[in-house]
Amino acid sequence: MAQNRLLNLVSLLALVSVLSIIGSVVGSDSSLTLDYYKKSCPSVLSIVRREMECAVLNDPRNAAIVVRLHMHDCFVQGCDASVLLDDTATLKGEKKAAQNIHSLKGYKIMDRLKMMVESECPGVVSCADILAIAARDAIILVGGPYWDVPLGRKDARNASYELANANLPGANEGLVSIISKFVSQGLSVTDMVALSGAHTIGMARCENFRGRIYGDYETTSEKTPISETQLSKLRSVCPAVGGDRNVTALDYVTPELFDNSYFQLLLTGQGLLNSDQEMYSSLLGIQTRRLVQQYAEDPLEFFKQFAESMVKMGNMTNADSFSNGEVRMNCRFINSLTHSDE
C-alpha cells in the first residue's frame, strides 16, 4: 500500500511538471486593458454594478451562480462567452455538457445585463467582458475582495461541447485529475485552491455529494467522516436513492457570505464535495493541504490570492476568438448565422 501511494505521488509530480510546461504556453492576454471602454462606454462598470446589486439583493445565491458561469466559460476556449451560446441548427453549445446541464444558471441575469449595457452603448461591450465584470461585482456584494478587471475580450462565434465535457472539473474527481485540469489551463495549484474557495458561497446538488455522505467514492485519502449531526442533516436532503437535484449549501456555516469558512470546514473533515475535501485530506495533497491551512488561518491572504487568481483566470483568451470574435448583440446567439458558414 505504501509503495502504491509513493508511486502515485511520483506520478502526480511528473504530471504537474509536464502540464506546467503546457500551461505556460497558454498564458494570459496582455492586450486586455483596464481603460478599454473609457471612451466608447464609460458607464459600463456602473451599469453592471447596479444590475448585479439588484440580482444579489433579490437572491444572494445569484452571486455564486454568476461566478460559476464565468469560471465554466473560461475553462473552455478561454473567457469568450461561448458558454452563453444556445444550441442552433448549425451550432452545438456548451449548456448541455455534463458539468453544465444541471449546474449552470444565470443566463437570464446575463440577458438583463446585456440589454442594459446595449441601451447605453450599442454594439460596444462584449458579453465576455460583461460576465467578467459581473463575477467581480458578485463577489464584492457578498463580502469578498475587489480586483480591477482587465477588459477587451471578444465573444466567440463558436462553442465546444467536447471541451466542456473534457476540461471542466467534476465534484467526484480525484485530486490528481483536478490539478491537471487547472494546470493545463495555465493555472497553478495555488490558483486551484484559491479559486475553489468560491465554494464558500453557492449550493451543491445531491448527486454531486451523495457518494461523500454515503461513503461510496474513490479517494487517495483516509476517508474523512462528516460529523454525525451534519451527516444526518445532509441525508435528510439527499436520500441514498432519488432526489438528485435537491440542493444544500457548500458552506453550511456562512452560506451567503464570502469568507474563509469553507477552508475551516475542510480542516475538520466537513467539506461537502469529495473533490474539495481531498485538497486537505488526500495523501497526495502535500501542497494543497498547506494552502488550505493557510487560507483557513488567514482570510486576508485568501482574499488576496483569490483576487489574483480570478484576474489570471479571467485573462485567459482564445486566440481565434480574440482575433476573429465579435461583440454579440444577443449573448445567446452569434450576430449573423452566415458567420458559422464562413
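Keep in mind the model is a prediction, meaning the values are calculated, not measured.

Asker: Looking at this structure, how should I read helix α10 (residues 228-237)?
Answerer: Taken as a whole, α10 has its buried residues at Q230, L231 and L234. Angular distribution of buried residues about the axis of α10 spans 100°; they occupy a single face of the element. In α10, the exposed positions angled more than 90 degrees off the buried face are occupied by E228, T229, K233 and S236. For α10, the secondary structure elements touched by its buried residues are α9 (206-214) and β2 (247-249).

Asker: I tried to follow the UniProt feature "binding site: Ca(2+) 1" (unreviewed entry) in the chain on my own but got confused; where do I start?
Answerer: The positions UniProt marks with the feature "binding site: Ca(2+) 1" (unreviewed entry) are D73, V76, G78, D80, S82 and E94. A maximum C-alpha distance of 13.1 Å is found for the annotated residues, which run over 22 residues; spatially they form one tight group. With respect to the helices and strands, the residue D73 is situated in helix α3 (residues 61-74). Judged by its relative accessible area of 1%, D73 is buried.

Asker: Is there a simple way to think about the confidence of the model for the chain in this case?
Answerer: Predicted coordinates in regions of low pLDDT should not be interpreted in detail. Model confidence for the chain is summarised by a mean pLDDT of 89, while 87% of its residues fall at 70 or above. In the predicted structure, residues 338-342 sits below a pLDDT of 50 and forms 6 contacts with residues beyond four places in sequence or in another chain.

Asker: What's the story with the state of the cysteines in this structure? I'm lost.
Answerer: What makes a disulfide is a covalent bond joining the sulfur atoms belonging to two cysteines. Taken as a whole and assessed by the stated rule, the structure comprises 4 disulfides. Between the sulfur atoms of C74 and its disulfide partner C79 the distance amounts to 2.0 Å. The sign of the 115° torsion about the S-S bond sets the C74-C79 disulfide as right-handed. There is no split in this pair, since C74 and C79 are both buried. One disulfide bridge connects C127 with C331, the sulfur atoms lying 2.1 Å from each other. Classification of the bridge connecting C127 and C331 rests on its S-S torsion, roughly -100°, and on that basis the disulfide is left-handed. Linking C127 in helix α5 (residues 127-141) with C331 in the segment after α15 (319-324), this pair joins segments that are 204 residues apart in sequence. C127 sits in the buried class, given a relative accessible area of 0%.

Asker: Quick question: what am I supposed to make of the nonpolar core here?
Answerer: Judged by nonpolar contacts, the single largest core of 78 residues is most densely connected at V48, M52, L84, F263, F306 and M313. If we ignore the near neighbours within four places in the chain, the residues touching M313 are H70, M71, C74, F75, C79, L187 and L195.

Asker: Any chance you could explain the UniProt feature "binding site: Ca(2+) 2" (unreviewed entry) in the chain here in plain terms?
Answerer: The UniProt entry lists T200, D251, T254 and D259 under the feature "binding site: Ca(2+) 2" (unreviewed entry), expressed in the numbering used here. Taken along the chain, the residues just named run across 60 residues; in space they keep tight, none of their C-alpha pairs more than 9.8 Å apart. Relative to the assigned elements, T200 resides in the loop between α8 (189-196) and β1 (203-205). Among all residues touching T200, those that are not within four sequence positions of it are D251, T254, P255, L257, F258, D259, S261 and Y262. Turning to its location among the elements, D259 is positioned in the loop between β2 and α11 (261-267). On the basis of relative accessibility, which here comes to 15%, the residue D259 falls in the buried class.

What counts and what doesn't
Residues numbered from 1 in each chain as written. Predicted model: local features only at pLDDT ≥ 70, side-chain atom pairs only at ≥ 80, totals over all residues. Heavy atoms only, no water. Buried < 20%, exposed > 50% of the residue type's maximum accessible area, 1.4 Å probe, protein only. Helix = DSSP H or I, 4+ residues; strand = E, 2+ residues; numbered from the N terminus. Arc of directions from axis to C-beta. Contact = heavy atoms within 4.5 Å. UniProt positions renumbered as here; feature names shortened; annotations may be inferred. pLDDT = per-residue confidence, 0-100. Disulfide = S-S within 2.5 Å. Core = buried A, V, L, I, M, F, W, Y, C linked by side-chain atoms within 4.5 Å.

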